[in-house]
Amino acid sequence: MAQTIAIPGQLLGPSSKYVAGPGTHIHEANLYSSVLGTVTVVQPEKKNVPGPAKRLTKIAGLPSSSAQLPTISVSRTGISEKREVLPEVGNVVLCRVTRIQPRQATVAILVVGDTVLEAEWQGVIRPQDVRATEKDKVKIYESFRPGDIVRAQVISLGDQASYYLATASNDLGVIMATSEAGNVMYPVSWKEYRDPETGINENRKVAKPF
Amino acid sequence: MADRRRINGPVGATTPPIFDKPAAPAAAKTRDAIRKIFLKTGITPSASGSAYLELENPNPKRPGNTSLKLSCTVHGPRALPRSAPFSPHIILTTHVKYAPFATRQRRGYLRDSSERDLGVHLETALRGAIIADRWPKSGVDIIVTVVEGDQDRDSPESQKDDEGWDMMNVLSGCITVASAAIADAGIDCVDTVAGGVAALVCKDDKTAPTIVMDPIVAEHGSILAACCVAYLPTRDEITNMWFKGRLPGADMMVYDKLMEKSLVACRCANRVIVQELNETVRKGQGIS
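Keep in mind that this is a model prediction, so the values were computed, not measured.

### Digging into the UniProt feature "domain: S1 motif" (unreviewed entry) in chain A
Next up, step 1: UniProt records the feature "domain: S1 motif" (unreviewed entry) for residues 88-169 of chain A in the present numbering.
Next up, step 2: Spanning residues 88-169 of chain A, this segment combines 0% helix with 51% strand, and its end C-alpha atoms are found 18 Å apart.

Okay, structure coming up:
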């Protein structure tokens, strides 16, 4: 299937007909490609028949007409396996704990969403972001150990060096851990991993298995 | 500043002396186009994006004749060093370096002032094309290596008044090759920026000066003024302009005409970029 090729600066269409997706930009009410790749147009999902009207619990913007327009985007699939993406606020990332300190755990972000990163980006998990309850009783060394693989969510772009991450959710936390003896452990509760060889429990902020 | 860390070659010319009468300089061809450009992306596997540019050699049979050969690598976007302050947009760093053997006069391994100058021009040209705020907290390094510097090596008479006109051609090549390499690396741009040169040349004192695109310095008797422009064709915007020389005072329109000719040269170069980028995508789809 021949796909349309887009090069940076190529006109894709008027912004009244499409919604700008990744790899595009808007200039003077027209959509242009901003990366080299192939064009994909995604039709909007058909709205289901509205169920019983929900009570508004938050202030939402007016339902915009742009939600009905197809989204046009330019992706780099096929050019290279390498895909440079940046962690963004709200992304779920996989990371490895590199060092722990009483005030923070430093991690290296390895995967954003489904994308394996080329470069390693540094992240920080602060004690108040480890879990949602009893935040004052969190101790970093009872939640993470260096070498653990952690599923976390990006909550802020952070400072110049690192992104700020949080594991304050049931499905976020340590997903792979090795014991002090060097064995791969399995989770036994929301805060404990057990070593199958020695039978010793170690404390972690455990992610709920799917 | 002497370079004490590396083993430097002997200072001086990079070509052996020829004790023969120099061949008559080739007559300037009247052409209304730029020299042919060879452009290829993805030549450096370890870099995020890369490109190679070569200009057609006007006289391939003469041994001392060289053209322009540039290699560009783009590294990034990658994390900034720890010491760098927070930046909401991408930090662009450009390096232009002549290979030691690229010009008639041997170059050192450290960048000298003219190379740094080219780097600043290149950075200005690219900064207007890149959408910098798509990549917060990251940096990108753009390194252009001049493998051959577009200097005629077998005409000793042109060595005397080396006024650096060839730097204009090098800069326009740098802009074009860096633009292709950035697109290959997948960094967001508003357009493919391209470089072009036009010059006001005269054969001798009697004839009236004419404007040529993409001047070959050795072919023209003397160059009065030259103009190098970085141009975004679909946006019709200029991101960088470098004008050098003296215009004959009477005609103010010469300046405008010189600019227009450089823009035509930019559009020609942009056609090459567009074609090569299309080729890049098609090749990638063929493999996967």
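### Structural notes on the sheet that holds strand β5 (residues 30-33) of chain A
In any sheet, the strands associate via hydrogen bonds between backbone groups, in a parallel or an antiparallel arrangement.
Residues and elements named next belong to chain A.
Next up, step 1: As summarised here, the arrangement of the 3 strands in space is β2-β5-β4, forming an open sheet in which the pairing is antiparallel. In this open sheet, the two strands that pair with only one neighbour each are β2 (11-14) and β4 (24-27). Between one strand axis and the next, the sheet turns by 30° as a mean value, whatever way the strands run.
Next up, step 2: Both β4 and β5 contribute to a ladder of 4 bridges, which runs antiparallel. Across the sheet, the residue bridging to threonine 24 is serine 33, located in β5.

### Section: the sheet that holds strand β1 (residues 5-6) of chain A
All names here are of chain A.
Next up, step 1: A sheet is described by the order of its strands in space; here 4 strands give the open sequence β1-β6-β7-β3, paired in mixed fashion. Two strands close off the open sheet at either side, each with one partner strand: β1 and β3 (19-20).
Next up, step 2: Where β3 lies against strand β7 (residues 71-75), 2 bridges are found, and the strand directions are parallel. The residue bridging alanine 20 from the neighbouring strand is isoleucine 72, located in β7.

### Quick notes on the interface of chain B and chain A
Next up, step 1: The partner chain A presents 32 residues to the 38 residues of chain B that form the contact.
Next up, step 2: Where chain B abuts chain A, roughly 2800 Å² becomes buried across the two surfaces, and 59% of that area is made up of carbon and sulfur atoms.
Next up, step 3: Our count for the contact surface shared by chain B and chain A stands at 0 salt bridges.
Next up, step 4: Linking chain B to chain A there are 10 residue pairs in polar contact (both at pLDDT 80 or more).
Next up, step 5: Looking at the side of chain B that touches chain A, the elements that each hand over two or more residues are β3 (68-79), α3 (166-185) and α4 (253-287) of chain B.
Next up, step 6: If one sorts the elements of the side of chain B that touches chain A by residue count, α4(B) sits on top with 8 residues.

### Some words on the pairing of β7(A)
Next up, step 1: Inspection of the sheet shows strand β6 (residues 37-42) of chain A paired to β7(A) by 5 bridges, in the antiparallel sense. Across the sheet, Thr40(A) pairs through a bridge with Ser73(A), a residue of β7(A).

### Remarks on the environment of Val130(A)
Residues and elements named next belong to chain A.
Next up, step 1: Here valine 130 lies in the loop between β10 (115-125) and β11 (149-156).
Next up, step 2: Sequence-wise, valine 130 and isoleucine 140 are 10 residues apart; in three dimensions their C-alpha atoms are separated by 8.1 Å.
Next up, step 3: Residues within four places of valine 130 in sequence aside, it is in contact with Ile125, Val138, Ile140, Ser143, Phe144, Thr167, Ala168 and Lys205.

### Details of the pattern of salt bridges
Next up, step 1: Overall, the coordinates contain 14 salt bridges over all chains when judged by the stated rule.
Next up, step 2: In this structure, Arg127(B) engages Glu123(B) in a salt bridge whose closest nitrogen and oxygen atoms are separated by 2.4 Å. Taken together, the residues span about one helical turn, with Arg127(B) and Glu123(B) both in helix α1 (residues 113-127) at a distance of 4 residues.
Next up, step 3: Under the relative-accessibility criterion, Arg127(B) is labelled partly exposed at 44%.
Next up, step 4: Given a relative accessible area of 22%, Glu123(B) falls into the partly exposed group.
Next up, step 5: Each of the salt bridges in this network shares a partner with another, and the network as a whole consists of Asp148(A), Glu202(A) and Arg204(A).

### Here we look at α3(B)
Residue and element names in this part refer to chain B.
Next up, step 1: The terminal C-alpha atoms of α3, which comprises 20 residues, lie 28 Å apart, in line with the 28 Å expected from a rise of 1.5 Å per residue.
Next up, step 2: For α3, the tally of buried residues reaches 20 of 20 residues, placing the bulk of the element in the interior.
Next up, step 3: Two residues or fewer after α3 comes glycine 186, characterised by a positive phi angle close to 85°.

### Observations concerning the packing of α1(B) against α3(B)
All names here are of chain B.
Next up, step 1: Contact pair α1 / α3: the axes reach a minimum separation of 10 Å and the direction vectors enclose 45°. By the angle between their axes, α1 is oblique relative to α3. The two elements α1 and α3 cross, and the hand of that crossing is right-handed. Where α1 abuts α3, its residues Ser114, Leu118, His121, Leu122, Ala125 and Leu126 lie against Met167, Val170, Leu171, Cys174, Ile175, Ala178, Ser179 and Ile182.
Next up, step 2: Of the residues belonging to the contact of α1 with α3, the class tally is 11 nonpolar, 3 polar and no charged.

Reading guide: rules and limits
- Residue positions are counted from 1 within each chain, in the order its sequence is given.
- The order in which chains are written sets their letters, starting at A; the order in which ligands are written sets their numbers, starting at 1.
- Side-chain atom pairs in this predicted model are given and counted only at pLDDT of 80 or more, local residue features only at pLDDT of at least 70, and totals for whole chains, interfaces and linings cover all residues.
- Hydrogen atoms and water are omitted, and side-chain values are computed over all heavy atoms in the structure.
- UniProt positions are given in the numbering used here, feature names are shortened, and annotations may be inferred rather than shown by experiment.
- Strands are runs of DSSP state E lasting at least two residues, helices are runs of H or I lasting at least four, and both sets are numbered from the N terminus onward.
- Two strands are said to pair when DSSP picks up at least two bridges between them.
- For helices, the fitted axis covers only the stretch in contact; all axes are lines through C-alpha atoms, and the angles between them, taken along N-to-C directions, range from 0 to 180 degrees.
- In this description, contact between two residues means that some pair of their heavy atoms is separated by no more than 4.5 Å.
- Using a 1.4 Å probe, buried area is obtained as the accessible area two parts lose upon being combined, added over both of them.
- A carboxyl oxygen of Asp or Glu within 4 Å of a side-chain nitrogen of Lys or Arg is what we treat as a salt bridge.
- Polar contacts here mean pairs of N or O atoms no more than 3.5 Å apart (in protein, one a potential hydrogen donor and the other a potential acceptor; neighbouring residues in sequence count only if both atoms are side-chain atoms).
- Burial classes follow relative accessibility: with a 1.4 Å probe on protein chains only, a residue under 20% of its type's maximum area counts as buried, one over 50% as exposed, and anything between as partly exposed.
- To estimate the expected span of a helix, count its residues, drop one, and scale the result by 1.5 Å.
- If an angle is under 35 degrees, it is roughly parallel; if it is over 145, roughly antiparallel; if it lies from 65 to 115, roughly perpendicular; otherwise it is oblique.
- Each crossing is labelled by how the near helix is turned from the far one, with a counterclockwise turn of less than a right angle marking it left-handed and a clockwise turn marking it right-handed.
- Gly falls in the polar group here, along with every residue not listed as nonpolar (Ala, Val, Leu, Ile, Met, Phe, Trp, Tyr, Cys, Pro) or charged (Asp, Glu, Lys, Arg).

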